[in-house]
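# Report on the structure
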Amino acid sequence: MGALSTYRLRLQRKRWRIRAFRKRRNLTPVSDRTEKIVSSDLIVVSTMRNERVRLPFFLQYYREMGIKHFLIIDNNSTDGTAEYLTAQPDVSLWSTNASYKRARFGMDWVNWILMRYCHGHWTLTVDPDEFFVYPFCDTRPLNALTDWLDASSIRTFSAMLLDMYPKGRIDEFTYESGQNPLDVACWFDAGNYTIQKNQRFGNLWIQGGPRARTFFKDDPQRAPALNKIPLVKWDRRYAYVSSTHHLLPRGLNLVYDEWGGEKASGLLLHTKFLSTFPEKAEEELKRRQHYAGSKEYKAYANGFADNPDLWCTWSERYMNWRQLEILGLMSKGNWA
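As the structure is a computational prediction, the values presented were derived from the model and not from experiment.

## Remarks on the overall build of the protein chain
If you tally the helices and strands in the protein chain, you get nine helices and 16 strands. Its C-alpha atoms give the protein chain a radius of gyration of 19 Å, near enough to 20 Å, the size a compact globule of 336 residues would have. The C-alpha extent of the protein chain, read off along each of the three principal axes, is 50 × 50 × 40 Å. When burial is assessed residue by residue, the protein chain has 54% of its 336 residues classed as buried. Considering only residue pairs separated by 6 or more positions, the protein chain has 74% of its internal contacts joining residues 24 or more positions apart. Working note: accessible area of the protein chain is about 15400 Å², and carbon and sulfur atoms make up 47% of it.

Next comes the structure, spelled out in structure tokens:
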């Protein structure tokens, strides 16, 4: 990459950080417990709206993984999300009625929270329907992974988004609050993925899976991106560019090996497709606060109108992280 391109990326990073600083005015603290955060704490950052039904298991899952504090932005929920989170002793909560779209789909808010509270911390930025899986997660807490990353001078850790779904119509399986969503949505596509390198940012761009083959089969290049870099040893100079797909400085996106080996990586088990999804998709389609005029939610509405079933004869039932590594969807790399 030439000097001019490097300079332009530096200016872009500065722009995103300035935007985040300005957009902090959108956020009103509801329960600020950030004084409890200590230097060794692992932190989750999340933005959400109307996710009350998911929260009990979401918080339990990450607490058991070793997360010590949650920094959550609530975008005008009406289902009791804010009230539930306010009562949690390890949650700091901010609320906003501002436009999710005008905050770069929430990333200006996220970048501000990361800049202000996460400097020097390993931070996991996830949605409430995303469950992080990493090598040895069944026997080792998350700080075992971050200790190894620190010792290896690695600052970022990638995790492809793996769409999970039930066998049959998603509206046939009722999801109850507190339930493990993988008890319902336990199937995934083992293949059907395309990977290309984004030359400008240096990250990999991954597409495919059930959303590509079901909702974007006529134009797969419009399918949602599945590449994410959710786990970062945060520095206040960093900034996410587009969701957690890539960030700046550019070198943070080099989470893969170009010399024939494999770097350690994980997965985000994406449990969007539960019985709660059709109603939420309809709401988000009306709000039109998502990327490209909510084209993704338009595709969902059209695709689910006739038969909301993502299962096919090539679907695999989820068992554990070792299965995912055997399938080549994640890797333990040099971490043994």
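Moving on from the model shown.
## Quick word on the sheet that holds strand S15 (residues 266-270)
Read from one edge to the other, the open sheet built from three strands follows the order S6-S15-S8, with strand pairing classed as mixed. The open sheet has two free edges, formed respectively by strand S6 (130-133) and strand S8 (159-163), since each of these has just one partner strand. Strand after strand, the sheet turns through a mean of 25 degrees between neighbouring axes, direction not considered. Judged from the four bridges that link them, S6 and S15 form a sheet pairing that is antiparallel. By the bridge assignment, Phe 131 is partnered in S15 with Leu 269.

## A closer look at helix H5 (residues 142-151)
For H5, the complete set of buried residues consists of Leu 142, Leu 145, Thr 146, Trp 148 and Leu 149. Across the axial projection of H5, the buried residues extend over an arc of 160 degrees, all falling on one side. Buried residues in H5 make contact with helix H2 (55-65), strand S5 (122-125), S6, strand S7 (156-157) and strand S12 (231-233).

## Some remarks on the packing of aromatic side chains
For the coordinates displayed, the defined rule picks out 22 aromatic pairs. A centroid spacing of 6.0 Å and a plane angle of 40 degrees characterise the contact between Phe 57 and Tyr 61, whose relative ring orientation is tilted. Of the two residues, Phe 57 and Tyr 61 both sit in helix H2, four residues apart, roughly one turn of that helix. We note that Phe 57, like Tyr 61, is buried. Between Phe 58 and Tyr 62, the ring centres sit 5.2 Å apart and the planes meet at 70 degrees, which makes this aromatic pair edge-to-face. Placement of both Phe 58 and Tyr 62 in helix H2 is noted, with a separation of four residues, approximately one turn of the helix. Just as Phe 58 is buried, Tyr 62 falls in that class too. Aromatic rings pair up to connect Phe 57, Phe 58, Tyr 61, Tyr 62, Phe 70 and Phe 131 into one cluster. Its end group placed over the ring of Phe 136, Arg 140 keeps NZ or CZ at 3.8 Å from the ring centre. Here the basic side chain of Arg 140 rests over the ring of Trp 335, its NZ or CZ set 4.9 Å away from the ring centre.

## Details of the sheet that holds strand S3 (residues 69-74)
On the basis of which strands lie adjacent, the open sheet formed by seven strands has the order S1-S4-S3-S2-S5-S12-S7 and mixed pairing. Both outer strands of the open sheet, strand S1 (28-31) and S7, are each paired with one neighbouring strand and no more. Of the pairings in the sheet, the one linking strand S2 (residues 43-48) to S5 comprises three bridges and is parallel in character. Residue pairing across strands places Val 45 opposite Thr 125, the latter belonging to S5. Contacting S2, S3, strand S4 (91-95) and S5, H2 runs over the sheet at an angle of about 160 degrees to S2. Strand contacts of H5: S5, S7 and S12, with the helix running at about 50 degrees to S12, the strand carrying the most contacts.

Cut-offs used in this document
- Residues numbered from 1 in each chain as written.
- Predicted model: local features only at pLDDT ≥ 70, side-chain atom pairs only at ≥ 80, totals over all residues.
- Heavy atoms only, no water.
- Helix = DSSP H or I, 4+ residues; strand = E, 2+ residues; numbered from the N terminus.
- Rg over C-alpha atoms; globule rule 2.2 N^0.38 Å.
- Buried < 20%, exposed > 50% of the residue type's maximum accessible area, 1.4 Å probe, protein only.
- Contact = heavy atoms within 4.5 Å.
- Areas by Shrake-Rupley, 256 points an atom, 1.4 Å probe, with all protein chains shown as cover.
- Pairing = 2+ DSSP bridges.
- Axes fitted to C-alpha atoms, helices over the stretch in contact; angles between N-to-C directions.
- Arc of directions from axis to C-beta.
- Phe/Tyr/Trp six-rings, centres within 6.5 Å; stacked < 30°, edge-to-face > 60°.
- Lys NZ or Arg CZ within 6 Å of the ring centre and 35° of its normal.

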